[in-house]
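Coordinates in review
Here are the chains, one letter per residue:
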Amino acid sequence: MIPFSAKVAAARAAAGLSRRAGAGGGTSLPGKLLLGMDPDAVTRLSGRLSGGVIALSATNGKTTTAKMLASMLEPEHRLCRNRAGANLASGVASALIGCRGADMGVFEVDEAALEELAPALRPRVLGLGNLFRDQLDRYGELELVAARWRRISDGPWRLVRNADDPLVAALPATAGSLSYGIDDPGVALPELPHAADSKWCAACGERLHYDAVYLGHLGAWRCPACGSARPSLDVAATSVVFDGLAGTDITLSTPLGDRRVRMPLPGLYNVYNALAAVAMACAAGDVPLERMAAGLEVFGPAFGRFERVATGGGEAVLVLSKNPAGANEVIRTLAHDPAPKRLVVALNDRIADGRDVSWIWDVDFELLAPAVESVVTSGTRAAEMAVRLKYAGVDPDVMTVEPDLAAALDFAVSARGGPAYVLTTYTAMLELRGALTRRGVVPPYWEAA
Amino acid sequence: MTDLRVCHLYPEHLNIYADRGNIAVLRYRCERRGIAFAVAGCGPGDPLPEADLYYLGGGQDRDQVAIAGDLVARAADLRAAVAGGAAVLAVCGGYQLLGHGYRGHAGDDMPGTGLVDVVTEAGPSRMIGNIAIRCELDRGDPRTVVGFENHAGRTHLGEGVEPLGRVLHGHGNNGADGGEGVRAGRVLGTYIHGPLLPKNPWLADWLVRASLERRHGTVALDPLDDALEGEAHRVAERIAAAG
């Protein structure tokens with residue numbers, strides 16, 4: 001019988017080969033090989049982390065939240081993390097193979113893979129963020145994902161959950177769980193958006209009432225029929241002030257005290273990401289408030305999340321936009337700044353994007369239309385994206401259809417003026433980064449997350 | 001002035017595949033031609049508005065169950081509206097409810113309106129993917145419809161009932177008989193979303209014309225520039241053909 005250490009060494013060697021062969025960063029392949037040799041590899045390897053594991057999942061914000069949490073923990077811990085959205089079992093196993101000498105794990109986990117990975121990772125803290133409709137052809141209906149989470153949420157870990165999401169707040173929890181949310185009606189929306197996913201009470205099915213709607217179906221909710229309501233908040237943002245695309249000031253209210261924090265990130269969704277990271281750090285138990293705040297204040301954007309890059313011909317801001325709730329927040333954030341913008345909107349329909357592209361019709365491109373100076377649509381469904389923008393009110397005369405991603409980017413940045421804002425689906429982001437990496441202007445994606 | 005009145009049935013429940021995109025396309029294509037466009041929502045318990053076109057989208061299982069009874073209670077009103085010349089477009093879950101209903105695996109049956117003679121039963125797996133079909137809504141004018149399908153139901157048409165089209169690529173009603181959707185006069189049902197109308201502007205215009213006939217007779221529609229729509233249609237057909 002082959003010893004476990006030899007299997008790990010073989011899988012580790014495969015990662016190096018994959019990189020040298022130019023086949024990517026080995027973010028999934030070594031783990032896949034190792035899991036083939038030993039299905040319990042995740043449990044065996046994660047059990048060696050003396051400080052334990054923190055795992056988190058959500059439809060939107062996983063990568064940014066994990067990076068924020070790492071930014072708080074890294075001064076004191078050597079972390080093992082999965083990168084670049086490699087958040088299935090193979091990606092987590094690859095990360096575990098790759099980090100020698102780590103004492104703690106921080107892993108983002110795919111929503112549908114959590115049911116398998118949570119028992120394997122046995123995290124000390126499990127953070128559950130939000131559930132939005134995403135890739136219906138891959139994940140199925142939202143209810144199915146919620147049902148998977150219901151089966152594992154009250155396991156032997158400290159649960160941290162987004163109280164503002166009625167589906168997440170309704171999950172069973174053991175004692176000691178922490179809830180987070182926003183408590184500032186000043187940044188609430190006037191009404192529940194049309195694309196809101198969860199309008200009905202999880203307990204009794206009646207329509208929920210919102211005292212404040214913050215993002216999608218997230219907010220201060222209550223059910224007038226059965227009396228269930230948003231749980232009280234252990235960690236909250238009690239004052240949120242936006243400074244355009246430059247940053248956001250929030251007042252954190254935590255069990256460790258209050259603290260005003262300036263985050264160099266735009267958008268209310270990043271406030272939710274920050275709250276998730278702070279609440280998980282609180283649940284982990286050994287992180288002072290000052291270090292949480294410092295982690296948020298020095299935080300740089302995660303891979304492709306309002307990330308500024310030089311393209312060789314100009315500047316671009318890469319913005320991952322892969323489902324209605326996430327894309328609508330990107331648009332809300334961009335629309336805060338009324339200056340005319342040059343856009344690239346890249347829509348791919350590969351398996352990791354979801355083959356079904358109907359979701360673009362749940363995105364409020366109408367809000368962005370008045371601020372569009374010009375737009376290049378790109379990706380495997382470039383023309384379809386152009387149709388969407390046309391019906392959103394963008395003048396076809398300022399639109400260009402260019403399926404080739406790098407050519408689309410070059411075309412957009414060749415004009416004078418500010419940066420081109422590049423909204424892309426997941427695989428389009430990877431392809432675009434690949435093109436920029438070959439030009440030597442951005443680091444490869446497996447080093448960037 | 002020519003005007004089109006649309007009733008969007010259960011917009012809060014049946015909206016899973018960006019169904020508002022279909023409404024947006026109908027609105028745009030009417031307003032560009034100087035045809036006034038009005039849409040009225042109709043939720044459970046609301047009075048049924050008088051309309052030229054009734055629209056039913058698809059929903060999550062739970063939302064479909066929530067409105068099925070309410071819809072069935074309106075069957076006679078809807079039948080009267082259709083007899084009076086109204087058109088109907090029903091997509092995915094709405095299509096299933098337009099027929100005699102849905103037979104689930106265990107206790108999750110749903111009644112239907114019986115407005116069209118089709119019946120749906122739960123299948124062992126979901127039929128998911130890009131789809132293209134061939135239709136001939138007007139004799140001698142064959143066209144294609146492209147989009148996406150994602151359904152567990154297998155729908156079977158009654159004797160002599162006409163499908164919306166024949167499957168070129170994809171699964172269609174049941175994956176077996178080559179038919180997709182249903183067509184009975186001005187009543188259309190289909191599994192195709194994407195949404196249905198943006199990439200199939202000819203079908204949007206067919207629906208506008210069919211709906212206007214009720215109060216305005218035959219209306220000729222000015223042509224619009226559909227270059228982008230045409231390109232999106234071609235790409236979708238190519239992707240569907242590649243499987």
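As the structure is a prediction and not an experimental result, all values here were calculated from the model.

Counting its regular elements, chain B contains six helices and twelve strands. Its C-alpha atoms give chain B a radius of gyration of 17 Å, near enough to 18 Å, the size a compact globule of 243 residues would have. Taken over the C-alpha atoms alone, chain B extends approximately 50 × 45 × 30 Å along its principal axes. Partitioning the intrachain contacts of chain B with sequence separation of at least 6 by distance along the chain shows that 71% fall at a separation of at least 24.

Attention now moves to the interface of chain A and chain B. With 22 residues of chain A at the interface, the matching set in chain B holds 27 residues. Listed by contribution, the elements that provide at least two residues to the side of chain A that touches chain B are helix H7 (136-139), helix H8 (142-150) and helix H14 (382-391) of chain A. Top element by residues in the side of chain A that touches chain B is H14 of chain A. It accounts for six residues. Broken down by class, the residue content of the side of chain A that touches chain B amounts to ten nonpolar, two polar and ten charged.

This part is about the environment of Ile-239 of chain B. Residues and elements named next belong to chain B. On the secondary structure map, Ile-239 appears in helix H6 (residues 227-242). Exposure remark for Ile-239: the 21 C-beta atoms within 10 Å place this residue in the buried category. Along the chain, Ile-239 and Glu-136 lie 103 residues apart, while their C-alpha atoms are 22 Å from each other.

A few words now on the sheet that holds strand E12 (residues 305-310) of chain A. Residue and element names in this part refer to chain A. The six strands lie next to each other as E12-E13-E17-E14-E15-E16, forming an open sheet whose pairing is mixed. Here the strands that pair on one side only, and so sit at the sheet edges, are E12 and strand E16 (399-401). Taking the axes of each pair of neighbouring strands and ignoring which way they run, one obtains an average angle of 20 degrees across the sheet. Most of the contacts of helix H15 (residues 405-413) go to strand E14 (residues 341-346), to which it runs at about 175 degrees, and overall it touches strand E13 (315-320), E14, strand E15 (372-378), E16 and strand E17 (420-424).

Bringing helix H5 (residues 201-216) of chain B into the picture now. Residue and element names in this part refer to chain B. For H5, which comprises 16 residues, the first-to-last C-alpha distance of 21 Å matches the rise-based estimate of 22 Å (1.5 Å per residue) to within 8%. Where H5 is concerned, the buried positions are Pro-201, Leu-203, Ala-204, Asp-205, Trp-206, Leu-207, Val-208, Ala-210, Ser-211, Leu-212 and Arg-214. The inward-facing, buried residues of H5 abut strand E1 (3-9), helix H1 (20-31), strand E3 (53-56), strand E4 (87-91), strand E8 (143-157) and H6. Backbone geometry just downstream of H5 places Gly-217 in the positive-phi region, at approximately 70 degrees.

Let us look at the sheet that holds strand E11 (residues 182-184) of chain B. Residue and element names in this part refer to chain B. Reading across the sheet, the six strands line up as E2-E1-E3-E4-E12-E11 and stay open at both edges, with mixed pairing between neighbours. Two strands close off the open sheet at either side, each with one partner strand: strand E2 (36-42) and E11. Each neighbouring strand pair of the sheet contributes to a mean axis angle of 15 degrees, computed without reference to strand direction. Sheet analysis places E1 next to E2, joined by seven bridges and oriented parallel. Residue Leu-4 lies in a different strand from E2, and its bridge partner there is Phe-37. Sheet strands in contact with H5 are E1, E3 and E4, and its direction is about 140 degrees off that of E4.

What follows is about the domain arrangement of chain A. All names here are of chain A. Looking at chain A, the domain boundaries give domain 1 (4-297) and domain 2 (305-448). Just the C-alpha atoms count here: the centres of domain 1 and domain 2 sit 26 Å apart. The interface of domain 1 with domain 2 comprises 26 residues on the first partner and 18 residues on the second. For the side of domain 1 that touches domain 2, the secondary-structure elements that each account for two or more residues are H7 and helix H10 (268-284). Considering each element in turn, the side of domain 1 that touches domain 2 owes the most residues, three residues, to H7. When its residues are assigned to classes, the side of domain 1 that touches domain 2 shows twelve nonpolar, nine polar and five charged.

Residue and element names in this part refer to chain A. Most of E17 sits inside the fold, with five of its five residues counted as buried. Both E14 and E17 contribute to a ladder of five bridges, which runs parallel. Following the sheet pairing, Val-344 is matched in E17 by Val-422.

So, how was this worked out
Residues numbered from 1 in each chain as written. Chains lettered and ligands numbered in written order. Predicted model: local features only at pLDDT ≥ 70, side-chain atom pairs only at ≥ 80, totals over all residues. Helix = DSSP H or I, 4+ residues; strand = E, 2+ residues; numbered from the N terminus. Rg over C-alpha atoms; globule rule 2.2 N^0.38 Å. Contact = placed C-beta atoms within 7 Å. Nonpolar A, V, L, I, M, F, W, Y, C, P; charged D, E, K, R; others polar. Buried ≥ 20, exposed ≤ 12 C-beta atoms within 10 Å, placed from the backbone. Pairing = 2+ DSSP bridges. Axes fitted to C-alpha atoms, helices over the stretch in contact; angles between N-to-C directions. Expected span 1.5 Å × (residues − 1). Domains from an automatic or database assignment.

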